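Structural overview for review
So the chains spell out like this:
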Amino acid sequence: MEKFRAFAEFETFYALFKPLTPYGRMAREARRFYTSAAELKAEYDLADAAGAFLGDSRHKADKLRFHLRNLPAAELTPEALGSAAGLFLARKFLLNTSEIFKLLPAALRSKFGARWESAALLALLNKGGAGEAFHLSGAYSEELAAERAAIAVCDKALKGLREKRLKALRERWGLDFSERDFLVVDEKTAAKLSGAQDLFAEPFDGSHVTVKPVYGQDYMEVSAERDRRRGREAELEAAAIKKLAGAVLAEKKNFEAYAAALQKLDIAAERARLAAELKLVRPALKKCPAPIKLEKARFLPLEERLRAAGLKYTPLTAAFSRRVNVIYGSNMGGKTVALKTLAFAQLLAQSGFFVPASAFETCVFAGAAFIGGAEMETAGGLSSFGLEMNDFVTAHARLKDGSLLLLMDEFARTTNSEEAAALLGAILEDLGGNPSAAAFLATHFSGLKTGKTAAAFKMRGFDTAAFNDYFSGRGACGLDEKLKMINKFMRYELLEGAEGEEARDAIKIAGILGVAKGIVRRAREFMEETK
Amino acid sequence: MDFIKGLRDRTVFIVGSKKNAGKTTFMNYALNRLRGSAPLGALSVGVDGEAQDLVFGSPKPQVRAEKGDLLLCAETALAGADLHCEILNVYPFTTALGRPVLVRALRPGRAEISGPENNEQLGEILADMRRHGAATVFIDGAVDRITQAAAVGKAAFVYVARVEPDNLDSSAAALKLLWAATAVPLCRAGEKLPEPVIIIDGALTPGRIPGKEVKRGTLVIEDFTKVFLGWQQWVELSNRFELRFGAKPDLAAIVVNLANVSRADFEKKLASPALADRITYNPYQVTR
């Protein structure tokens, strides 16, 4: 599957898929490939419903995204809830969940399984909350409130005593500690201060002394009283935390149901956002085996690259009514891109997304495999040919497990053409006889024996007449210019019924790319001789 | 220390020459000076693991918060804190001390502040602090984390050093480098610069200095915090190249605590009256 994803450049699209909640991000990481049409239909329905809601009111859409973004992961273990921070997160989760559920109309709540059951728990947690903030308020315990009031009295007394002592130090020694906890004085000054009961002195360096205020017995007594009350306050806070954690844990099932609903909503809203922004359409799913139809399907990664390079992009329109299909075409004629477009659309569809096309009709496969692009790879000592055969054996074995979408790009290109053509013919025949297989082979070998079950297609190829008309007297310079020229005159259209037709654009393309005129002319002569 | 008034409403990084340079002590002092109508914020970057502030011997560098102050504390440190506070956010990042928690003090108390582990998290926390009303935000920088100072737009930094006989030369060299770097201009769009223009992405270490065959040109460095060179290497570099920074945090002040070193001896090492003029010496010392 990873090779299939890589071939389809799926990550380029997936990077745009950014769920807002931790639950949505978890689902994203799972990279689920749906193999049930019913499940996919349900996912599409949710995306449609979310899209309709988001498109209806910009204000509500913004509000929904705000609350989804603010939703934390609620950890529902006694350890996680054993602190004010854990309770803060539980409350924040409930607060945002409640706001999100309020935003959704009843029909949408029902679709996402959003049932609010925690009004009492949220009200309890709100006793310690205002807006986003939460603290263990005195409302949870009268004793806690009383201790805090007593601590406030201590703080007031300590402040008064401190100010009194600082005033006395200023008046007696001329030392101002009002903004500093300590002062550094030279030895001479320190000598004058020696014996002062209201100052604590210690060496700073060889010639200076650090002095700090000594606040006196009354200050120490109030401070000790405060410490004692702070200890009691901590005990009461721990008791309040335990009680609140118990109340949260009692609703664990509700939290789990909310998380599941919010995950669905987050994913559906994000899929809907992508559908709107990238102009995606809902795929039509048929029971396998069924024809695959693409109408103006766009391979987004290439579309974007061409747009950036100022080149034209041609969407793919094709109807594959048979299970086994061979796509012929010249070099740079778009065979691989046609395969990639199909892979991209199918992968998006089976990952729960809508598809960049004006229409996409397909069936749901149990698996997908790609063989090709291995010319530089070796694995376990296998050559690229060996690797391809190994991949084919693995893919072929998967046919026993259910329907498989198998894409092969320039299969067996590295061996001699005679044997390659024979091998390909046999493979296509075999796949044609296996109802679990839906195979697409792109090749530049012409005239393959594909059997009666396979359909042949051809990329329309280079428009020589238009090229000659345009090119007369002009010289191309630089690779960019050459690529632009190929892009301009290559017709990236898929034509049906091309079995046995040979692709004859390679010499033209070589010429455009700068191969010497003499070589190109001689190549044409050789072609004439072999006819 | 009149420069402190100029720190109001800014994001101020307090960075030090080494551990126990007196950064937290300075921060507490600055917090005291700036308390007023708007809440103050405090957090740290990096975990020093320092148990004591050796400059002034306080047992642990804790922030003394007043009601309304915004602090970032580690979840674990908050459990035993003296502070009564309300929680404004719990961040999903994991640090060595647990999740960072943004709190607002509901009464005076002391707390150990903590910080995020990267600049992106720092940005999110600072935005949250501002959203909750923080005007001036202090960031207690750990040793060698001055790099963080450049991550925030319009940031100022205060450099705090403790100079002793043992580190007299290295402290003077570090300050000279800091001072020289503040004189390097910002790279401006459209500016005509001597060729070749070499852009250094990330840290400028001795290994990334262009070879001797490049005799002149312009070196564009992201910001001062990416300079990891000694004083001599910097001098050699500035002789060969025109230097430019992509960003420049504002150096608000240099605070130097001299211990067993005289001001005259230190300034002799600095050999720069202009630099010496910018230094605030021994801010806790009583002069009579």
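As the structure is a prediction and not an experimental result, all values here were calculated from the model.

Attention shifts here to the overall build of chain A. Along the backbone of chain A there are 20 helices and 15 strands. Among the 531 residues that make up chain A, the fraction classed as buried is 36%. Of all intrachain contacts in chain A linking residues separated by at least 6 positions in sequence, the fraction that spans at least 24 positions is 77%.

Moving on, we get to the domain arrangement of chain A. Interfaces are often sized by the accessible area lost when the parts come together. Residues and elements named next belong to chain A. Structurally, chain A comprises domain 1 (2–118 + 251–277), domain 2 (142–233) and domain 3 (279–501). Contacts between the two partners involve 24 residues from domain 1 and, on the opposite side, 22 residues from domain 3. When contributions to the side of domain 1 that touches domain 3 are tallied by element, the ones reaching two or more residues are helix H1 (2–7), helix H2 (10–14), helix H4 (37–56) and helix H12 (252–278). A per-element tally of the side of domain 1 that touches domain 3 places H4 first, with 7 residues.

This part takes up the environment of Thr 314 of chain A. Structurally, the position occupied by Thr 314 of chain A is in the loop between helix H13 (300–309) and strand E8 (316–320). Separated by 17 residues in sequence, Thr 314 of chain A and Ala 297 of chain A have C-alpha atoms that sit 9.0 Å apart.

All names here are of chain B. Strands sit in the order E10-E11-E12 across an open sheet of 3 strands; the sheet is parallel. Since the sheet does not close on itself, it has two edges, and those belong to strand E10 (197–200) and strand E12 (242–245), each with one partner. Each neighbouring strand pair of the sheet contributes to a mean axis angle of 20°, computed without reference to strand direction. Where strand E11 (residues 218–221) meets E12, 4 bridges bridge the pair, whose relative direction is parallel. Bridging across to E12, Ile 221 finds its partner in Phe 245.

Residues and elements named next belong to chain A. As paired elements, strand E4 (residues 199–205) and strand E5 (residues 208–213) share 6 bridges and run antiparallel to each other. Residue pairing for E5: Pro 203 is matched across the bridge by Val 209. In this structure, the hairpin formed by E4 and E5 is closed by a connection of 2 residues.

The subject of this paragraph is helix H6 (residues 84–103) of chain A. A rise of 1.5 Å per residue sets the reference length of H6 of chain A, with its 20 residues, at 28 Å; its end C-alpha atoms lie 28 Å apart and thus fit the reference within 8%. For H6 of chain A, the tally of buried residues reaches 16 of 20 residues, placing the bulk of the element in the interior.

Attention now moves to the packing of H6 of chain A against helix H8 (residues 119–126) of chain A. All names here are of chain A. Running from amino to carboxyl end, H6 crosses H8 at an angle of 130°, the nearest separation of the two axes being 10 Å. Accordingly, the angle class assigned to the pair H6 and H8 is oblique. Two packed elements cross with a definite hand, and for H6 against H8 that hand is left-handed. Listed contacts from H8 to Leu 87, Ala 90, Arg 91, Leu 94, Leu 95 and Ser 98 of H6 are Leu 121, Leu 122 and Leu 125. Across the contact of H6 with H8, the residue classes tally to 7 nonpolar, 1 polar and 1 charged.

Before going further, it helps to examine the interface of chain A and chain B. The partner chain B presents 29 residues to the 29 residues of chain A that form the contact. If you list the elements that add at least two residues to the side of chain A that touches chain B, you get H6, strand E2 (133–134), helix H9 (142–173), strand E3 (183–186) and E4 of chain A. Tallying contributions element by element places H6 of chain A first for the side of chain A that touches chain B, with 4 residues. Classifying every residue of the side of chain A that touches chain B gives 15 nonpolar, 5 polar and 9 charged.

Another aspect to go through is the environment of Ser 114 of chain B. All names here are of chain B. Mapped onto the fold, Ser 114 is located in the loop between strand E7 (109–111) and helix H3 (119–131). C-beta crowding within 10 Å serves as the criterion here: with 26 such atoms nearby, Ser 114 is assigned to the buried category. Spatially, the C-alpha atoms of Ser 114 and Glu 222 are 27 Å apart, while their sequence positions differ by 108 residues. If sequence neighbours within four positions are ignored, Ser 114 has contacts with Leu 43, Ser 44, Leu 72, Cys 73, Ala 74, Ala 77, Thr 95, Leu 97 and Pro 100.

The pairing of strands in a sheet happens through backbone hydrogen bonds and is either parallel or antiparallel. Residue and element names in this part refer to chain A. Pairing is antiparallel across the open sheet formed by 3 strands, whose spatial order is E3-E5-E4. Pairing within the sheet leaves two strands with one partner each, and these edge strands are E3 and E4. Between one strand axis and the next, the sheet turns by 35° as a mean value, whatever way the strands run.

The rules behind the values
Residues numbered from 1 in each chain as written. Chains lettered and ligands numbered in written order. Predicted model: local features only at pLDDT ≥ 70, side-chain atom pairs only at ≥ 80, totals over all residues. Helix = DSSP H or I, 4+ residues; strand = E, 2+ residues; numbered from the N terminus. Buried ≥ 20, exposed ≤ 12 C-beta atoms within 10 Å, placed from the backbone. Contact = placed C-beta atoms within 7 Å. Domains from an automatic or database assignment. Pairing = 2+ DSSP bridges. Axes fitted to C-alpha atoms, helices over the stretch in contact; angles between N-to-C directions. Expected span 1.5 Å × (residues − 1). Parallel < 35°, antiparallel > 145°, perpendicular 65-115°, else oblique. Left-handed = near helix turned anticlockwise from the far one by under 90°. Nonpolar A, V, L, I, M, F, W, Y, C, P; charged D, E, K, R; others polar.

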